[in-house]
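# Survey of secondary and tertiary structure
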Amino acid sequence: MVDRHQVMNFRVRAQQLDRDEGTLADTAVLDLGVQNTGPDGARWALAVRGVDVTALSDTDLVLLWTVRGAPHLYRRADVAKVAAAVEPKSSADADKRIYDAAKPLKAAGIDTLAALDEIADRMRAIVSTPTVKGDVSGRLATMLPEPYLRFCRPCDATHLYEMPFRLAAVRAGLELQLDTSPPVLRRITGFRKAAAAGDRFDLIRAYLRLLGPATPKQVADYLDAPVKDVKAHWPEDVIEVRVDREVRSLLAADEGALESADSTVTRLLGPFDLFLQAKDRATLVPDAAHAKELWPVLGRPGAVLVDGELVGTWRPRKSGRTFTVAVQPWHRLSDATRKAITTQAEHLAAYRSVALSGVDFGS
């Protein structure tokens, strides 16, 4: 039996949210990928784990469309193994990852993995020099047959389906140029996918190491993969633990860390921080109303992490030269906790290169 507090503290420690200094090489979340969504995205996730992000550039990092088709940051040195790790495990796995785009391909008798390879070959030929996403998509629409395409009402144009486009990019050896909007794709210099990802970058093992204990369904939901495929590649070196009457798995090497983990830090987590991406949301936030506030359909806030518990949400407020952080606590906060949150807000302001005007703790 393991209580949720042990699970939360284990994840804080595993994800290194309790450290003040770190390097890219020893930052564990980069093994699984750090989602880069919104102004407080991947770089802020690294900053709250003690990495000096001011010195980072695209010689150190690579941005790829990978898990769930979202943009994720990785160490550039790891790109070959990451490309192997994010490969669909089967055609059924690829079908699930591309959502509604699989149906017309199936109807036309086109295997999804073969379709992704076809798209990748075309994309690489198009992107001989850095190219804006819309231009790549437009060219592809003239080169590929109907099962690959859809009519987009907002654009009043025919495009490739979005998820096959995104998932084919890594297969094509293409990265997203940092800090470009709309996205610019370019070739990864010297790209060659590794023959195997290895244990460190294996997505299932990385999830268990950073977001465990977990069930196959929770991992499958994170990856947008079929549960059957996840179970087929489930590690053998796991132990079973029971969390809230649910049997879950943990890598055997992490048993001691789960039993001993403790946390006494305060952090402002970005809306898409890995800590908040775990698929056992009731473990993270048992209160349904609080969960709804943290994970709305649109416009996610960040989360306030205090001593291994999520205690509220936060949003940045910028008006001209004024920058404040609006905190909505879920219960009364002590003066010491408010002071610690303010310190983290100052860290956020420095990261954004603005001066903090104050912290609004709401009601």
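Just above sits the structure.
A brief structural summary. All figures in this text were calculated on a predicted structure; none of them were measured in a lab.

Calculation rules
Residues numbered from 1 in each chain as written. Predicted model: local features only at pLDDT ≥ 70, side-chain atom pairs only at ≥ 80, totals over all residues. Heavy atoms only, no water. Helix = DSSP H or I, 4+ residues; strand = E, 2+ residues; numbered from the N terminus. Rg over C-alpha atoms; globule rule 2.2 N^0.38 Å. Contact = heavy atoms within 4.5 Å. Axes fitted to C-alpha atoms, helices over the stretch in contact; angles between N-to-C directions. Parallel < 35°, antiparallel > 145°, perpendicular 65-115°, else oblique. Left-handed = near helix turned anticlockwise from the far one by under 90°. Nonpolar A, V, L, I, M, F, W, Y, C, P; charged D, E, K, R; others polar. Phe/Tyr/Trp six-rings, centres within 6.5 Å; stacked < 30°, edge-to-face > 60°. Buried < 20%, exposed > 50% of the residue type's maximum accessible area, 1.4 Å probe, protein only. Core = buried A, V, L, I, M, F, W, Y, C linked by side-chain atoms within 4.5 Å. 1 Å grid on protein atoms, 1.4 Å probe; cavity = no way out; pocket = protein on both sides within 12 Å on 5 of 7 lines; lining within 4 Å. Points joined across faces, edges and corners; volume = space filled by probe spheres on them. Pairing = 2+ DSSP bridges.

In terms of regular secondary structure, the protein is built from 16 helices and 15 strands. Its C-alpha atoms give the protein a radius of gyration of 21 Å, within 12% of the compact-globule value 21 Å for 363 residues. Seen through its principal axes, the protein has C-alpha atoms that stretch 65 × 55 × 40 Å. Partitioning the intrachain contacts of the protein with sequence separation of at least 6 by distance along the chain shows that 63% fall at a separation of at least 24.

With that settled, consider the packing of helix α7 (residues 112-126) against helix α8 (residues 133-143). Here α7 crosses α8 at 125 degrees, and the two axes come no closer than 10 Å. As far as their axial angle goes, α8 and α7 are oblique. Crossing geometry of α7 relative to α8 is assigned as right-handed. Residues Ile119, Arg122, Met123 and Ile126 of α7 form the contact with α8, whose participating residues are Val136, Arg139, Leu140 and Met143. Residue classes in the contact of α7 with α8 are distributed as 6 nonpolar, no polar and 2 charged.

To continue, consider the environment of leucine 61. Inspection of the secondary structure puts leucine 61 in strand β2 (residues 61-65). Along the sequence, leucine 61 and tyrosine 74 sit 13 residues apart, while their C-alpha atoms lie 5.6 Å from each other.

Tallying each qualifying case throughout the model produces 3 aromatic pairs. Centre to centre, the rings of tryptophan 44 and tyrosine 351 are 5.2 Å apart; their planes meet at 50 degrees, and the pair counts as tilted. Remark: tyrosine 351 occurs in helix α16 (residues 335-351) and tryptophan 44 occurs in helix α3 (residues 42-47); sequence separation between them is 307 residues. Residue classification places tryptophan 44 among the buried residues on the basis of a relative accessible area of 1%. Residue tyrosine 351 is classed as partly exposed on the basis of its relative accessible area of 23%. For the ring pair tryptophan 65 and phenylalanine 165, a centre distance of 5.8 Å and an interplane angle of 65 degrees mean the geometry is edge-to-face. Placement of tryptophan 65 in strand β2 and of phenylalanine 165 in helix α9 (residues 162-171) is noted, with a sequence separation of 100 residues between them. A single burial state applies to tryptophan 65 and to phenylalanine 165, both of which are buried.

Now for the nonpolar core. Proteins that are soluble and globular tend to have nonpolar side chains buried together. By size, the foremost hydrophobic cluster in this structure holds 111 residues, and its most contacted members are Met123, Leu140, Leu185, Phe275 and Leu310. Excluding residues that lie within four positions of it along the chain, methionine 123 makes contacts with Val136, Leu140, Phe165, Ala168, Ala169, Ala172, Leu174 and Leu185. By size, the runner-up hydrophobic cluster in this structure holds 10 residues, among which are Val2, Val7, Val241 and Leu250.

Another aspect to go through is helix α11 (residues 216-223). Taken across its 8 residues, α11 has 6 buried, putting it largely inside the fold. Those residues of α11 not exposed but buried are Pro216, Gln218, Val219, Ala220, Tyr222 and Leu223. At its buried positions, α11 is contacted by α2 (29-32), β3 (71-75), α5 (91-97), α10 (203-211), α12 (227-232) and β10 (246-251). Aspartate 224 sits one or two positions beyond α11 and adopts a positive phi of about 60 degrees.

This part is about the layout of surface pockets. A volume near 320 Å³ is recorded for the largest pocket. Around the largest pocket, the lining is made up of 17 residues, and of these Asn36, Leu63, Pro71, Asp179 and Thr180 lie nearest the centre. Counting residues per element, the ones that place at least two in the lining of the largest pocket are α3 and β2. For the lining of the largest pocket, a count of residues per class yields 9 nonpolar, 5 polar and 3 charged. Taken as a whole, the second largest pocket encloses approximately 240 Å³ of empty space.

To continue, consider the environment of leucine 64. Mapped onto the fold, leucine 64 is located in strand β2. Overall, leucine 64 belongs to the buried group, its relative accessible area being 0%. Each C-alpha atom, one on leucine 64 and one on valine 79, is 9.1 Å from the other, the two residues being 15 residues apart in sequence. Leucine 64 has contacts with Ala70, Pro71, His72, Tyr74, Val79, Val82, Val170, Leu174, Glu175, Leu176 and Ile188, leaving out every residue within four places of it along the chain.

What follows deals with the sheet that holds strand β14 (residues 322-329). Strand order in the open sheet formed by 5 strands is β11-β12-β13-β14-β15, and the pairing between neighbours is mixed. The open sheet terminates on both sides in strands that have one partner only, identified here as β11 (266-269) and β15 (356-360). Here the average twist between neighbouring strands, direction ignored, is 25 degrees. The strands touched by α16 within the sheet are β11, β12 (302-306), β13 (309-319), β14 and β15, with β11 carrying the most contacts at an inclination of about 45 degrees.

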